[in-house]
Amino acid sequence: MTDADRRNDSLLDAPISRSGAAFQRARAVIPGGSMRPSSWFPPHPPYAARGEGCWVTDLEGRRLLDCSNNFFSLIHGHAFPPVVKAIQEAAALGTAFGLPTPQENGLAEAIIARAPHLEQIRFCNSGTEAVMFAIKGARAITGRSAIAKFEGAYHGAYDHMEIGYESAPGAWDGPDGDPASTPYARGTPAAVAADTVILPYGDPARCADILRRKGTRLAGIVLDPLASRIGMMPASPELLAVVQEACARDGILLIFDEVIAFRMHHAGAHTLFGVTPDLVALGKIIGGGLPAGAVAGPAARMAIYDHTGGRPGVALGGTFSANPLTMAAGMATLAAYDTAAVARLSSLGDDFRQATNAAFRAAGLKAQLAGMGALFRLHLTDAPIRDYRSVATIPAGKGAIAAVHAALLARGALLTPNASGALSTPMTAAETDLLTGWLVEVVREVTA
Ligand SMILES: Cc1ncc(COP(=O)(O)O)c(C=O)c1O
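Residues numbered from 1 in each chain as written. Predicted model: local features only at pLDDT ≥ 70, side-chain atom pairs only at ≥ 80, totals over all residues. Heavy atoms only, no water.

1. Quick look at the site of the ligand
With respect to spatial proximity, the complete set of residues near the ligand consists of Ser-126, Gly-127, Thr-128, Tyr-154, His-155, Gly-156, Asp-224, Asp-257, Val-259, Ile-260 and Lys-284. Contact between the ligand and Thr-128: an oxygen atom at 2.7 Å from a side-chain N or O atom of the residue. The separation between a nitrogen atom of the ligand and a polar side-chain atom of Asp-257 is 2.7 Å. Against a free-state accessible area of 390 Å², the protein chains account for coverage of 80% of the ligand. The class makeup of the residues in the shell around the ligand is three nonpolar, five polar and three charged. (Near = heavy atom within 4 Å. Polar contact = N/O pair within 3.5 Å; in protein donor to acceptor, adjacent residues only side chain to side chain. Areas by Shrake-Rupley, 256 points an atom, 1.4 Å probe, with all protein chains shown as cover. Nonpolar A, V, L, I, M, F, W, Y, C, P; charged D, E, K, R; others polar.)

Structural data, given as structure tokens:
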């Protein structure tokens, strides 16, 4: 038994909660007792029993205001009746076939109809797969192997996307002064790190310099315009200009990761930011709460996945890709996430962040909510947040964020462990006002 196990055991005091008992059982059969690093926090998370709208009920019967929404994948909250009905009807007809279904045409058309720049789409099962297939597409189109991404950004678990994801102060610059290509997983092949160029999100001039030196090696640049792990600051117009200029000059493909950000505009985040990427990776909300991913883009780019003329440039497949349950749930979700719903939710989020930041200032608290529209992330500083490094060096540190997360949970709000969150359409000002009040109380408590 490790020290951490002993600490956890001492925290799991009798009388043991139902969630505590579930976690103890889990530890016997699941390494770490939890299936996802992101859904574990000490001593153990509450286990979910059911959800309804923006509330989730745990095994103890406690109701939590859900701002995690399964890591931003449930735009309408839990058990949204049209989605439940769509899944039930699709399931009654069979859950998966070795044949195409009309449902895949339906969701493809629904997404393409929203975003004029996206002409074709192929579905897969997760955001990780979407980013991976987009990168493979970029490599096949350009005949190059290297990929650039921004320091600290999370794009799923594909090898190259885990490089430069959690570099630490002191070890984050390489010998040439560029952000180091630091692997995350032990055993990552050295060739993967060598083929991944890391860019500083908050420094467009330095990005331009790195891209001038390394651009002709690159197949693609992967960019999330509101990367949550970087700090959830929108990509600046200067940064977008530098990236687009390098792509045009050196024949690099621009891959927008909209696995989270698609929700920011009816026609996707690239439309909101005024960018025309070569490929867009989608996931999360497009599956209506079921596993989903997709690569979309102009038909000329998407042709790389066309298998009908013999061997395709990239084989984009998968046993459960485009299964009719996900397709049906996605269609019901997007139908209810129309332009009016997008606008209402974004303005609720803007009001919420502004009101909370004003309340932090009025209370003299060193804290801020970053984000845009309905997405937000708490930082325990009043200094400007520019990038991954300005988040990683906040003096209050990760321990204070963990304390905020725990204290919010005790009051009745579920955020992600790094204190980010997303509003869902069942929420109104009543819920966001409640959350503003809790955030002020909890930040005061933790930073006192
Ligand atoms: C921006 C971004 N890209 C890709 C992914 C990977 O998606 P998935 O977890 O569905 O594999 C995530 C997941 O959180 C993400 O936030």
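Now that the structure has been shown, the text picks up again.
2. Thoughts on the side chain of Glu-258
If you trace the backbone, Glu-258 turns up in the loop between β8 (253–257) and α10 (269–272). It is Arg-114 that comes nearest to the buried, bridge-free Glu-258 among opposite-charge side chains, at 9.5 Å. Ignoring sequence-local partners within four residues, the contact set of Glu-258 consists of Gly-268, Ala-269, His-270, Val-280, Ala-281 and Leu-282. (Helix = DSSP H or I, 4+ residues; strand = E, 2+ residues; numbered from the N terminus. Buried < 20%, exposed > 50% of the residue type's maximum accessible area, 1.4 Å probe, protein only. Lys, Arg positive; Asp, Glu negative; His and termini not counted. Salt bridge = Lys/Arg side-chain N within 4 Å of Asp/Glu carboxyl O. Contact = heavy atoms within 4.5 Å.)

3. Some words on the environment of Gly-32
Within the element layout of this structure, Gly-32 appears in the loop between α2 (18–29) and β1 (48–52). For Gly-32, a relative accessible area of 56% gives the class exposed. Residues within four places of Gly-32 in sequence aside, it is in contact with Phe-23 and Trp-40.

4. Brief notes about the packing of aromatic side chains
Aromatic ring pairs: the centre-centre distance and the angle between the two ring planes describe each pair. Evaluation of the coordinates by the stated rule reveals five aromatic pairs. The interplanar angle of 85 degrees and the centroid separation of 5.7 Å between the aromatic rings of Phe-150 and Tyr-201 together place this pair among those described as edge-to-face. Here the residue Phe-150 occupies a position in strand β5 (residues 146–150), and Tyr-201 occupies one in the loop between β6 (196–199) and α8 (204–214), the gap between them amounting to 51 residues. Each of the two residues, Phe-150 as well as Tyr-201, counts as buried. Relative to Tyr-388, the ring of Trp-172 lies with its centre 6.1 Å away and its plane at 65 degrees, an arrangement referred to as edge-to-face. Of the two residues, Trp-172 sits in the loop between β5 and α7 (190–194) while Tyr-388 sits in helix α14 (residues 388–392), which places them 216 residues apart along the sequence. In this structure Trp-172 comes out as buried when scored by relative accessible area, which is 11%. With a relative accessible area of 10%, Tyr-388 lands in the buried category. (Phe/Tyr/Trp six-rings, centres within 6.5 Å; stacked < 30°, edge-to-face > 60°.)

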